[in-house]
Amino acid sequence: NPELLRARRLYMPFTFPTPWQPPVEPGQAFRESCTMQAIVSGVVGGGAGLVLGAVLTPLNSQLQQETEHLPLREQMRRGGREMGS
């Protein structure tokens, strides 16, 4: 009966949310801590920045014309030096 369901929904007593329960698994509390999440996000963000820098630096490089005739190893070495400066 839809009217009965609507009436139950309107007159349901208010219940407070249950209190926070600590994690059962010992490692879960460590992984969910703010310190651990900050460390992980810093490492992942730094890694993503390095990858993007390594990919995008050669696109704007002035060395590109100078190094076209060099072997790949020397090109990578010069690109790394440019990225480090």
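Residues numbered from 1 in each chain as written. Predicted model: local features only at pLDDT ≥ 70, side-chain atom pairs only at ≥ 80, totals over all residues. Heavy atoms only, no water.

A.B. asks: What's the story with the pattern of salt bridges in this structure? I'm lost.
C.D. replies: Pairs can form between side chains of opposite charge once their charged atoms are near each other. One pass over the full model with this rule turns up 3 salt bridges. Taking the shortest distance from any N to any O, the salt bridge between Arg-77 and Glu-74 comes out at 2.9 Å. Of this pair, Arg-77 and Glu-74 both sit in helix α5 (residues 72–84), separated by 3 residues, roughly a single helical turn. For Arg-78, the salt bridge is made with Glu-74, and the minimal N-O distance between the two is 3.2 Å. Remark: Glu-74 and Arg-78 occur in helix α5; sequence separation between them is 4 residues, near one turn of the helix. Relative accessible area serves as the criterion here: at 27%, Arg-78 is assigned to the partly exposed category. Taken together, the shared-partner salt bridges connect Glu-74, Arg-77 and Arg-78 into one network. (Salt bridge = Lys/Arg side-chain N within 4 Å of Asp/Glu carboxyl O. Helix = DSSP H or I, 4+ residues; strand = E, 2+ residues; numbered from the N terminus. Buried < 20%, exposed > 50% of the residue type's maximum accessible area, 1.4 Å probe, protein only.)

A.B. asks: Could you clarify how one ought to interpret the confidence of the model for the protein in this entry?
C.D. replies: Should the pLDDT be low somewhere, the predicted coordinates at that spot are not to be read in detail. Looking at the protein, the pLDDT average stands at 78 and 72% of residues meet or exceed 70. The lowest-confidence element of the protein is helix α4 (residues 63–66), averaging 64 in pLDDT; the highest-confidence one is helix α3 (residues 34–56), averaging 91. (pLDDT = per-residue confidence, 0-100.)

A.B. asks: I would appreciate a short explanation of a nonpolar patch on the surface in the present structure.
C.D. replies: On the surface, Val-51, Leu-52, Val-55 and Leu-56 cluster together into a nonpolar patch covering about 380 Å² of accessible area. On the secondary structure map, Leu-56 appears in helix α3. Exposure remark for Leu-56: the relative accessible area of 45% places this residue in the partly exposed category. (Patch = residues over 30% accessible without salt bridge, like charges linked within 9 Å, V, L, I, M, F, W, Y side chains within 5 Å. Areas by Shrake-Rupley, 256 points an atom, 1.4 Å probe, with all protein chains shown as cover.)

A.B. asks: Help me out: how do you make sense of the environment of Glu-25 in this one?
C.D. replies: With respect to the helices and strands, Glu-25 occurs in the loop between α1 (2–10) and α2 (26–32). By relative accessible area, Glu-25 is classed as partly exposed at 42%. Separated by 3.4 Å, the side chains of Glu-25 and Arg-31 make a polar contact. (Polar contact = N/O pair within 3.5 Å; in protein donor to acceptor, adjacent residues only side chain to side chain.)

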